[in-house]
Amino acid sequence: MLTWEERRQLVKIATLYYTEGWTQEQIAKKIGVSRPIVSKMIQKAKEAGIIEIYIKDESIHTVELEQKLEKYFNLKDALVVPSVGLTPDLVKSAVGRAGAYYLSKNLKNVKRLGISWGTTLAELVKEFPYVRNEDIHIVPLEGGMGRKYVEIHANQLAYELAKKLNCTCSYLYAPAIVETEELKERLLAMQDIEAVLEEGRNVDIAVIGIGNPHRSSTLRKLGYLSDEDLNYLRKLGVVGDIGFRFFDDFGNVIIDSFTNKVIGVTLTELKKINQVIAVVEGIHKLESIKAALNGGFINVLIIDEQTAAAIVENW
């Protein structure tokens, strides 16, 4: 128990330090003790409950969510973007902007950067700043040819991001999904295609999106998946995809005659990449994101607040 005099002294020091803004050195001179003793007395005031620190900021909730996501799923980093009151389009834009900021600040020692496809990654590239980094080479992680939504294909995003970085990029001249496994094998036998896939397997950082093929599916809009295909995937237990590669609730990769017609980096190969950054938004992707986390496919997650909260609540 503190005596009245000890308590009064601690309150005085705490007031000078936290309310008046004095330095520990100034307080030490005033009361005639050393600075380390002042530091110990401030700690003692905390332990006695005299000092209680509250962080008053709207971002504290998102920071708490980030910490929980990192802890629950053993992530290297998590970035939760405030999204309360925003329309879906504005949420996508905000998450893309956060992804662009994070990526631009984490390119030190990066020589090869892989990028997948999708609308959220298109927002990231759109928001990415113009910074000269000629040493980087950008690689599309899967094929993508056709006339629909060309602006969100991996080749196009690699090209646009390379312009922002003033660097080089490769192009994977092959469809994302081919008609038969035989055709896939013939394409993989082509040196230019295999060389780009090998580059993709050896990138330092991969930036990906996560999709739900059953709800608001871009794959469906692009015409890659028919209703019959979706019913088949549902029977297989598929809940999500990364770069046209499908997985179930537990993060198990689904491989069969249908899913084995994709030309791109596999999920097994993705897991071997040093840093995989997922940039994703939308509560409709809740199951898909949780499954991807369970599968250990990613180690950095950039996500909207609403979806992050739902993941943490249902963990």
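Residues numbered from 1 in each chain as written. Predicted model: local features only at pLDDT ≥ 70, side-chain atom pairs only at ≥ 80, totals over all residues. Heavy atoms only, no water.

Q: What's the story with the nonpolar core in this structure? I'm lost.
A: In terms of nonpolar packing, the biggest core is built from 49 residues, with L103, L113, I138 and I302 touching the most fellow members. The element that contributes the greatest number of residues to this core is helix α5 (residues 88-104), accounting for seven residues. Ignoring any residue separated from it by four or fewer positions in sequence, one finds L103 in contact with L113, L124, F128, I205, V207 and I277. (Core = buried A, V, L, I, M, F, W, Y, C linked by side-chain atoms within 4.5 Å. Buried < 20%, exposed > 50% of the residue type's maximum accessible area, 1.4 Å probe, protein only. Helix = DSSP H or I, 4+ residues; strand = E, 2+ residues; numbered from the N terminus. Contact = heavy atoms within 4.5 Å.)

Q: Would you explain helix α13 (residues 286-295) in this entry?
A: A turn of α-helix holds 3.6 residues, and therefore any two residues three or four places apart point the same way. By the criterion of burial, α13 is predominantly enclosed, with seven of the 10 residues buried. The complete set of buried residues in α13 reads L286, S288, I289, A291, A292, L293 and G295. Among the structural elements, α4 (60-73), β6 (238-242), β7 (245-248), β8 (275-280), β9 (300-304) and α14 (305-313) are those in contact with the buried residues of α13. Remark: G296 follows α13 within two positions and exhibits a positive phi of approximately 70°.

Q: Looking at this structure, how should I read the sheet that holds strand β5 (residues 205-208)?
A: Sheet strands line up and pair through hydrogen bonds in the backbone, either parallel or antiparallel. Spatial ordering of the open sheet is given by β1-β9-β8-β5-β2-β3-β4, a layout of seven strands whose pairing is parallel. On the outer flanks of this sheet lie β1 (77-81) and β4 (168-169), each paired with one strand and no other. The sheet contact formed by strand β3 (residues 137-140) and β4 spans two bridges and is parallel. Bridging across to β4, H137 finds its partner in T168. Contacting β2 (112-115), β5 and β8, helix α6 (residues 119-127) crosses the sheet at an angle of about 100° to β8. (Pairing = 2+ DSSP bridges. Axes fitted to C-alpha atoms, helices over the stretch in contact; angles between N-to-C directions.)

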